Each structure stands twice: as C-alpha cells, then as structure tokens.
Amino acid sequence: MISKLVESTAEALADIPDGATVLIGGFGPAGQPVELIDALLAQGAKDLVIVNNNAGNGTTGLAALLGAGRVRKIICSFPRQADSQIFDGLYRAGKIELELVPQGTLAERIRAAGAGIGGFYTPTAYGTPLAAGKETRELNGKQYVFELPLHADYALIKAERADRWGNLTYRKTARNFGPIMASAAKVAVAQVREIVDLGVLDPEAIVTPGIFVQRVVRVAAQAAKEQQ
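Cut-offs applied
Residues numbered from 1 in each chain as written. Predicted model: local features only at pLDDT ≥ 70, side-chain atom pairs only at ≥ 80, totals over all residues. Heavy atoms only, no water. Helix = DSSP H or I, 4+ residues; strand = E, 2+ residues; numbered from the N terminus. Rg over C-alpha atoms; globule rule 2.2 N^0.38 Å. Buried < 20%, exposed > 50% of the residue type's maximum accessible area, 1.4 Å probe, protein only. Contact = heavy atoms within 4.5 Å. Areas by Shrake-Rupley, 256 points an atom, 1.4 Å probe, with all protein chains shown as cover. Lys, Arg positive; Asp, Glu negative; His and termini not counted. Charge placed at Lys NZ, Arg CZ, Asp CG, Glu CD. Salt bridge = Lys/Arg side-chain N within 4 Å of Asp/Glu carboxyl O. Core = buried A, V, L, I, M, F, W, Y, C linked by side-chain atoms within 4.5 Å.

> Teacher, can you tell me more about the overall build of the chain here?
Secondary structure summary: the chain contains six helices and 11 strands in total. The C-alpha atoms of the chain give a radius of gyration of 18 Å, which matches the 17 Å a tight globule of 228 residues would have. Oriented by its inertia axes, the alpha-carbon framework of the chain measures out at about 55 × 40 × 30 Å. Per-residue burial for the chain yields a buried fraction of 50% across its 228 residues. Residue pairs at least 24 apart in sequence account for 74% of intrachain contacts in the chain once pairs closer than 6 positions are excluded. Looking at the chain as shown, the accessible area adds up to about 10600 Å², and 52% of this sits on carbon and sulfur atoms. Of note, the chain has its 24 positive side-chain charges centred 3 Å away from the centre of its 23 negative side-chain charges.

If you want it as structure tokens, here you go:
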C-alpha cells in the first residue's frame, strides 16, 4: 500500500544533511510552512542553502533559522524589508551569502528545474549587475540573459489537504511557490491541515500530483496565522 504519510515534522526532516539546498514555500507569511521550518531548526542541519521569496520576517520561521547561524547562503528576490533585521545584520557582518534573483526569474528557474529544462533566456536583468558573468544573446533585436534551472535537495511546502498518495490542494494564495518547488526537489515534504481518504479530492482540483511529493505530515494546529 502506497502511503507517503509520516507521523511528525521531525520524522519528515530527519535525513536533511548539512549543506543541503532547501526550497521553502511562501510569499512572506502566506503559505510559509512554519512548522516544517521549526522542525528544521530543531533537527540541526547547518551550512544550508535556502531558496525563498524573501529573507525572513521578524524573528520567527525562516528568520529564526537564519538567526541560528544555520544558513550559509540564501537565494531570494526580496532580502530587505521593514522586518528583515536578522538577515540585514548577518549580511552586513559578512556572515551570509546572498544571490539576488528577480522574482519572475526565480519562479521560472524553479519551474525549469521541475520541467527538466536546461535553461532559458529572459530580458530581465540585462545590463544590470545581476547579469554579470552570465551568457547574453540578442533575439529578434532584443537582449536576453541566460538563466539556469534551480534544483534542490528538499522542498518544504504548505498545502491545505492531501491524501496518502501525496496529492495536494492549496488554500487560496497560500499556493504561491508550492507546486513548482515540489517538482524541483529530490524530496518534497508537505505540511497539510487535513488528510483525506483516496478519492475525496476532485482530480480536477488537485494542483500538485502525488508523483512530486515524497512525504506528507499533518499539522493539526497551524502555528502561523492563516493568510489569504
């Protein structure tokens, strides 16, 4: 019997090694798998490369992981905002590496990894420092920058419902990066609010098919406030 359900967040993340590249879903707090991030913090893996839309908010979740000194590098689009003081302090002290990627490019690099695409050309960032050292090419009179796919060892995502095969549905905009991150990682771990029986999820409503998900853990009480 195929079942991808695990008993706890600790069990779901027990094998993440030092130096792993980890995709973490969420757009700010919306869709951020806070309980999985807390479990990663407790698990102890260090020297991590984290891919996220931003560099943490406040002092919890991803910001707490950074604050514990467990992240060597972060790849994101919005590293600085009003409450990103932990990242800001680490970066100014030279204690964390940053790879800044425009948001659309970030999403497409992740999607390309899941789709098996070797790379793509985009006009975004041409002529800026973000294009330094990258291949450029003129196509139909317009300049483009070549970007590589962004693969990962693990993806930590948050969904609304799942069955034991790992099929996922999401809650509104909490969906954001979840589906493409699941497809781009060797091991995708989803925390969900509810586990349902096979056949309950409408096939037309399933956003992430179970083939892209390796582990599912139910988190009964979401620690983070639900976001629209």
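> Explain the environment of G210 to me, please; I cannot follow it from the model alone.
As for its placement among the helices and strands, G210 is situated in the loop between β10 (185-195) and β11 (215-218). Sequence-wise, G210 and A182 are 28 residues apart; in three dimensions their C-alpha atoms are separated by 9.6 Å. Those residues in contact with G210 that sit more than four places away from it in its chain are K4, W165, G166 and N167.

> Would you mind going over the pattern of salt bridges with me for this structure?
In a structure, side chains of opposite charge can pair up when their charged atoms sit close to one another. Across all of its chains, the model carries 15 salt bridges by this definition. Two residues, K186 and D153, come together in a salt bridge whose shortest N-O distance is 3.6 Å. One end of the pair, K186, is in strand β10; the other, D153, is in strand β8 (residues 152-162), and 33 residues separate them in sequence. Judged by relative accessible area, which is 64%, K186 ranks as exposed. Residue classification places D153 among the partly exposed positions, given a relative accessible area of 24%. The partner of E194 in a salt bridge is R161, and the shortest N-O contact between them spans 3.2 Å.

> Where do I start with the nonpolar core in this structure?
Note that soluble globular proteins tend to have their nonpolar side chains buried in a common cluster. Counting 29 residues, the largest nonpolar core has L13 and I50 as the members making the most contacts within it. Among the secondary structure elements, those contributing two or more residues to this core are β1 (21-24), α2 (34-43), β2 (48-51), α3 (62-67), β3 (71-76), α4 (85-92), β8 and β10. Counting residues per element, this core draws most heavily on α2, at four residues. Not counting chain neighbours up to four residues away, the residues in contact with I50 comprise V22, I24, L62, L65, V71, K73, I74 and I75. In terms of nonpolar packing, the next biggest core, distinct from the first, is built from 26 residues, V49, A155, I157 and F177 among them.

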